[in-house]
Protein chains: 2
Amino acid sequence: MSYLDHFNQAHNADVSGWTPWFQHDALLGYVQDSFKLRGIEFGLWRESDQGLIIPNEPEVALNQLFARFAKETYEDGLLWSWVGEPFPVKASVTDPTRFVMERTLTAPLGCLTFGVHLNGYVRTRQGIELWVAKRSQHKPTFPGKLDNMVGGGQPAGLGLFENLVKECFEEAGISETQANQAIATGTISYRHTDGRGLKRDILYCYDLELPDSFMPVCHDGEVESFQRLPIDEVLSIIAKSDAFKYNCNLVIIDFAIRHGVLTGDNTPEYAMLCERRNQLGG
Amino acid sequence: MSYLDHFNQAHNADVSGWTPWFQHDALLGYVQDSFKLRGIEFGLWRESDQGLIIPNEPEVALNQLFARFAKETYEDGLLWSWVGEPFPVKASVTDPTRFVMERTLTAPLGCLTFGVHLNGYVRTRQGIELWVAKRSQHKPTFPGKLDNMVGGGQPAGLGLFENLVKECFEEAGISETQANQAIATGTISYRHTDGRGLKRDILYCYDLELPDSFMPVCHDGEVESFQRLPIDEVLSIIAKSDAFKYNCNLVIIDFAIRHGVLTGDNTPEYAMLCERRNQLGG
């Protein structure tokens, strides 16, 4: 694995074979043929010049329509799990929630998803050290993988920073006072598919400088352990392995770029790494 | 002007109508029809499946070929000025110099150009204040426009950071000791045309935190004056005007993103601004 390989792995979806679907003019997702045809039969959408259009109906009716579609596709074995969590569908993170759908359905329907990720770090005499989390072996997704200190999906009804402060406490025992020192630093975005669906993901990234004495504590069971490592050691793990969850690699590479650890003088692919931090387009 | 308008203004070139030219497989530039045809007549390149290919000759012969082509096009009035400075032609910043050409010719031939830009800032109790330069009225390009504290083109034979340290002293009187504190923070890239040629530009950006007592002094006559402004005031100038040189707007917006001044919570177009900081593609 090189740094660029991690970008290739995260941004592995070619949506040219997928059909976009819209509410009026707002692009809400992309589907492959099986879900496209199933949706047409079901009355979820109809074909138009631009792709697929969902019915011109109020939010409540759309909630019901997508709930019935989720139930039917799940019962027919097209969905691989059922989270039971209504997920807000938006054209962008600042778009108001248009309607909700069962979370598992967002992948085959290629909806936009949003998350917050935080790099907690300490400045030492030897340089920057990064707090790294190890995901619980009991997590359904990416068990045992290395992770950013704090990370989480963006739910409806919370601001990004509000969500970050909440996740900081749950995942690492960072107090609200401490979490309020976090600095927004930009986004990482990519289109990822694991074959079952498409994740169009925008991660809102934050830095938090912590005192040498700080010790993280996980409160929600999602993290098995934390360790603090020199940034060069973290970069070496990234350059040589896929020990980190695929998208966390990108968040750390971005951190290393912004803090002058990777530079145009020491990293031949630097300009390309900078460019590929955001890959959704438009 | 909105923040996004500045990205549109910088990245205003549609290269789909331009023909790429190559040395072997290395893409070195793009030309419009007038220079394409003139180059074919002259023997500068020949047409191939992928675009135009320059002769398979050693560096010295290519230096001479491009020097003769520059002279002839200048004498025929196709070039609007003559800088008299041999410019290194590269496929990327880390590519060794393949050959050189008269600087004015790099625009109609759409070569890659590189620069270093530095935001000098001071942390005050009220927040971040940014040092802003005003370009001399005597500069041939963008006289009187606002600018980053330090900025300059990247010449052959110097490392990026070495060049930055040199420019820091020449443009703002920043000592080598002070300049060595600068932090590399990423790139800004875009394709810009002013109608006479194409600038495919990659700016290597740096931050330098300065003490409250620091006063910049211009040594090379390129800066008329400096002022220190609260970042919100600088952003307000950017949002409302084109007082800054077009590419400096992008370097400051990037600074504001990385320092948590513009965030996903306070800026609707945030994700798009993050995405558009690097627009060259590939």
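See the structure above.
What you are looking at is a predicted structure, and each value in this text was computed from that prediction instead of being measured.

Some details on the environment of Gln227(A)
Residue and element names in this part refer to chain A.
- Residue position: glutamine 227 is located in strand β13 (residues 223-230).
- In this structure glutamine 227 comes out as partly exposed when scored by relative accessible area, which is 37%.
- Placed 226 residues apart in sequence, glutamine 227 and methionine 1 show a C-alpha to C-alpha distance of 22 Å.
- Once residues within four sequence positions are removed from consideration, glutamine 227 is found in contact with Leu130, Trp131, Val132 and Leu146.

Things to note about the packing of helix α2 (residues 33-42) of chain A against helix α3 (residues 59-75) of chain A
All names here are of chain A.
- Between α2 and α3, the least distance of the axes is 11 Å, while the angle of their chain directions is 120°. In this view, α2 runs oblique relative to α3, as classed from their interaxial angle. Like other packed secondary-structure pairs, α2 and α3 cross with a definite hand, here right-handed. Touching Phe35, Arg38, Gly39 and Phe42 of α2 are Leu65, Arg68, Phe69, Glu72 and Thr73, all from α3.
- Residues that form the contact of α2 with α3 fall into these classes: four nonpolar, two polar and three charged.

Considering the pattern of salt bridges
All names here are of chain B.
- With the rule as written, the count across this model stands at 36 salt bridges over all chains.
- Among the salt bridges present, the one from glutamate 75 reaches lysine 71, with a minimum N-O distance of 3.2 Å. Pair noted here: glutamate 75 and lysine 71 are both in helix α3 (residues 59-75), with a separation of four residues, about one helical turn.
- Under the relative-accessibility criterion, glutamate 75 is labelled exposed at 56%.
- Taking the relative accessible area as the measure of exposure, lysine 71 reaches 48% and is therefore partly exposed.
- Linking lysine 166 and glutamate 167 is a salt bridge whose minimum nitrogen-to-oxygen distance equals 3.9 Å.
- Under the relative-accessibility criterion, lysine 166 is labelled partly exposed at 34%.

What counts and what doesn't
All residue numbers refer to position in the chain's written sequence, counted from 1. Here chains are named by letter from A upward and ligands by number from 1 upward, in the order in which they appear as written. This being a predicted model, a pLDDT of at least 70 is required before a residue's local features are given, and a value of 80 or more before pairs of side-chain atoms are given or counted; all residues contribute to the totals for chains, interfaces and linings. Hydrogens are left out, water is left out, and the side-chain values use all remaining heavy atoms of the structure. Numbering goes from the N terminus for both helices and strands, where a helix is a DSSP run of H or I of at least four residues and a strand is a run of E of at least two. Residue burial is assigned from relative accessible area. The probe radius is 1.4 Å, only protein chains are included, and a residue is buried under 20% of its type maximum, exposed over 50%, and partly exposed in between. When checking whether two residues touch, look at their non-hydrogen atoms; a contact exists if any pair is within 4.5 Å. For helices, the axis comes from a line fit to the C-alpha atoms of the stretch in contact; other axes are also lines fit to C-alpha atoms, and the angle between any two N-to-C directions lies between 0 and 180 degrees. Just so you know how the angles are binned, under 35 degrees is roughly parallel, over 145 roughly antiparallel, 65 to 115 roughly perpendicular, and the rest oblique. Take the far helix as your reference; a near helix turned counterclockwise from it by less than a right angle gives a left-handed crossing, and one turned clockwise gives a right-handed crossing. Ten residues, namely Ala, Val, Leu, Ile, Met, Phe, Trp, Tyr, Cys and Pro, are considered nonpolar, four, namely Asp, Glu, Lys and Arg, are considered charged, and the remaining ones, Gly among them, are considered polar. Whenever a carboxyl oxygen of Asp or Glu lies within 4 Å of a side-chain nitrogen of Lys or Arg, that contact is scored as a salt bridge.

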